[in-house]
Amino acid sequence: MTTAEETTAGESLLLPVPDEDGAPFWEYAARGELRVQACTACGRLRFPPRPCCPHCQSFDSEWRRTSGRGRIWSWVRPHPPLLPAYAAQAPYNVILVELADAPQIRLAGNLVTSADAPLNSVDPARLRIGARVQAVFTEVGGMSVPRWVLEKA
Amino acid sequence: MAATLKDATAIVGIGQTAFAKRLPSSEKELACRAILAALADAGIAPSEVDAFASYTMEETDEVEVAKAIGAGDVTFFSKVGYGGGGSCATVGHLAAAIATGQATVGVAWRSRKRGSGPRPWKNTAVQLPTPGQWTRPFGLLRPADEIGMLARRYMHEYGATRDHLFNVAMACRNRANENPAAMMYERPLTREMYMSSRMISEPLCLFDNCLETDGALACVIVSAERARDCRQKPVYVHSAAQGLPAQHHGMVNYWNDDPLSGPAWTAARHLWKQADFGPSDVDVAQIYDAFTPLIPLSLEGYGFCGRGEGAAFTEGGALELGGRLPINTGGGGLSEAYVHGFNLINEGVKQLRGTSTAQVPDAATCLVTAGEGVPTSAILLRA
């Protein structure tokens, strides 16, 4: 299947390269779950994931499921020069989403009209700081990657 | 032994190569040329150099430079990370080494072929594992995209406009128009050019971005005592600081509780604590300008105005010659050359020597800053 992420040149979008700390995020994403690392000792959430809690220094953690809801904190529209797969969809949007469950946690992503739609599928006029968004997941090169859709479509 | 860095050392030599989109020489050759020019300016023999400092992103190692220029035994060397955040720290590290007797003649330098060399963000699909996994798959590929995100939020929170960013670009271009060595010499900028230029990463347009430059710069640092016997008027390193704020993550500071108060705030607190004067006593500033929004953010961070007031500060010609705080008097990274901010250090020295092409009358104090957004550094220079 040719996905929206592939260009005519056959170049594809960059895949996340998980490190040891980030791997669980991507494993949960593959199940369609947006989870965030949480300290099991003090309960504080942290992002990006890391070996120990910056608040209580405990090395025990778990991955807590979030509602996948958030608000746009900021956004940009990159124009070329860009890597080929991105240039093919440019100008596209990149948004920064503040999670409803943990406003200090902000995830970079793309606002799209539906999970598998192109990165430039949303009318730029609809990009607004504060807009409510919901996480959805799409497959890119065999990995499940979160995207965002407007709560009020 | 000095208990403080305050005025214990001085910059006594500066050197640079030409700045251009394309230079035929290698980075190594450019480095050697800039360093030898700085030593000649100081009147110090290369064999006396016993300390080096540069950036981790500098491709030419001190081993190569020392061998090529004919340095003697080297007893201190240091490389500072985080790209443009390292510029002022190279001076700070050498000042500390010399003030504590670890070395006597230090050379800091940066050589870079960015105009004709590789652009890592454009041509490389290879992804750094952290924090790239959280940003690059989504198309935040370049520093301009990452700073654009902060800029949009800053504009939203404080009512900053593209006209404010233009004020920054214009001040730098006006100074470059006075500096024959600048890449943008004799290339005036107008508001219409700015407003109609192509977008790079909205809200940032072409003129919000620094130049792509081939070139190198260097400076020579010795003790204040030695400086008195040098050929040039000493420019004292009055205060130096680095800044890596709590919970910082590099260029994408989005996971900090307060992403709009970046590394500048951290560096500034230490910088001013060690100084005999404050922001209102600064005659001229060289503020790292890889992107225009870094100027209002830095004006706030270094205490020239309050939080959220950086954009308004740029109004009424405040950043121009004769304004409240003339900045980037050689043209800065936006219009003189982008060599990871080292040209700002040398321009600061020129101002305090009284030899700038856009001289602030009787300038006696100068702030120089390194890249904001990344772990940064800053120095206060005084005549």
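In this text the structure is predicted, and so the values were computed from the model without any measurement.

Here is what the cut-offs are and how they apply
Per chain, residue numbering runs from 1 following the sequence as it is written. Lettering of chains starts at A and numbering of ligands starts at 1, both following the order in which they are written. pLDDT decides what is reported in this predicted model: residues at 70 or higher carry local features, side-chain atom pairs at 80 or more are listed and counted, and totals for whole chains, interfaces and linings draw on all residues regardless. Only heavy atoms go into the side-chain values, all of them from the structure, while hydrogens and water stay out. In this analysis, two residues are considered to be in contact whenever any of their non-hydrogen atoms come within 4.5 Å of each other. By buried area we mean how much accessible surface two parts lose on assembly, using a 1.4 Å probe and totalling the loss over both. The term salt bridge refers to a side-chain nitrogen of Lys or Arg lying within 4 Å of a carboxyl oxygen of Asp or Glu. We count a stretch as a helix when DSSP gives it H or I for four or more residues in a row; a strand needs E for two or more, and each element gets its number in order from the N terminus. Polar here means any residue other than Ala, Val, Leu, Ile, Met, Phe, Trp, Tyr, Cys and Pro, which are nonpolar, and Asp, Glu, Lys and Arg, which are charged; Gly is therefore polar. In short, DSSP must find at least two bridges between two strands for them to pair. Using only the protein atoms, space was sampled on a 1 Å grid; points where a 1.4 Å probe fits but cannot get out form cavities, open sets with protein on both sides within 12 Å along at least five of seven lines form pockets, and lining residues are those with an atom within 4 Å of a point. Grid points are joined across faces, edges and corners, and a volume is the space filled by probe spheres set on the points. Between the first and last residue of a helix there are one fewer steps than residues, each counted as 1.5 Å, and that sum is the expected span. Remark: exposure states derive from per-residue accessible area (1.4 Å probe, protein chains only) relative to the maximum for the residue type, with buried under 20%, exposed over 50%, and partly exposed in between.

Further remarks concern the interface of chain A and chain B. The interface is formed by 39 residues belonging to chain A together with 39 residues belonging to chain B. Buried area between chain A and chain B, summed over both chains or domains, comes out near 3500 Å², and the portion from carbon and sulfur atoms is 62%. Among the ionic pairs, Glu202(B) bridges to Arg77(A), the shortest N-O distance being 3.0 Å. If you list the elements that add at least two residues to the side of chain A that touches chain B, you get α1 (23-30), β4 (69-78), β5 (94-99), β6 (106-109) and β8 (143-150) of chain A. Take the side of chain A that touches chain B: its biggest share by element is six residues, from β4(A). The residue inventory of the side of chain A that touches chain B, partitioned by class, reads 28 nonpolar, six polar and five charged. Across two bridges, the pairing between β4(A) and strand β5 (residues 199-202) of chain B is antiparallel. Counterpart to Pro78(A) in the pairing with β5(B) is Ser201(B).

We now examine the sheet that holds strand β2 (residues 45-46) of chain A. With antiparallel pairing, three strands are arranged side by side in an open sheet as β2-β1-β3 (chain A). Every other strand in the sheet has two partners, leaving β2 and β3 (61-65) of chain A as the edge strands with one partner each.

Quick look at the layout of surface pockets now. Its volume calculated, the second largest pocket comes out at about 260 Å³. As for the second largest pocket, its lining consists of 13 residues, and the residues nearest its centre are Leu45(A), Arg46(A), His55(A), Gln104(A) and Asp257(B).

Residues and elements named next belong to chain B. End to end, helix α13 (residues 342-353) covers 17 Å across twelve residues, agreeing with the expected 16 Å (1.5 Å per residue, within 8%). Most of α13 sits inside the fold, with twelve of its twelve residues counted as buried. Listed in full, the buried residues belonging to α13 are Phe342, Asn343, Leu344, Ile345, Asn346, Glu347, Gly348, Val349, Lys350, Gln351, Leu352 and Arg353. Just downstream of α13 lies Gly354, where phi reads positive at about 85°.

Note that every value here comes from positions in space, so none of it alone points to a role or purpose.
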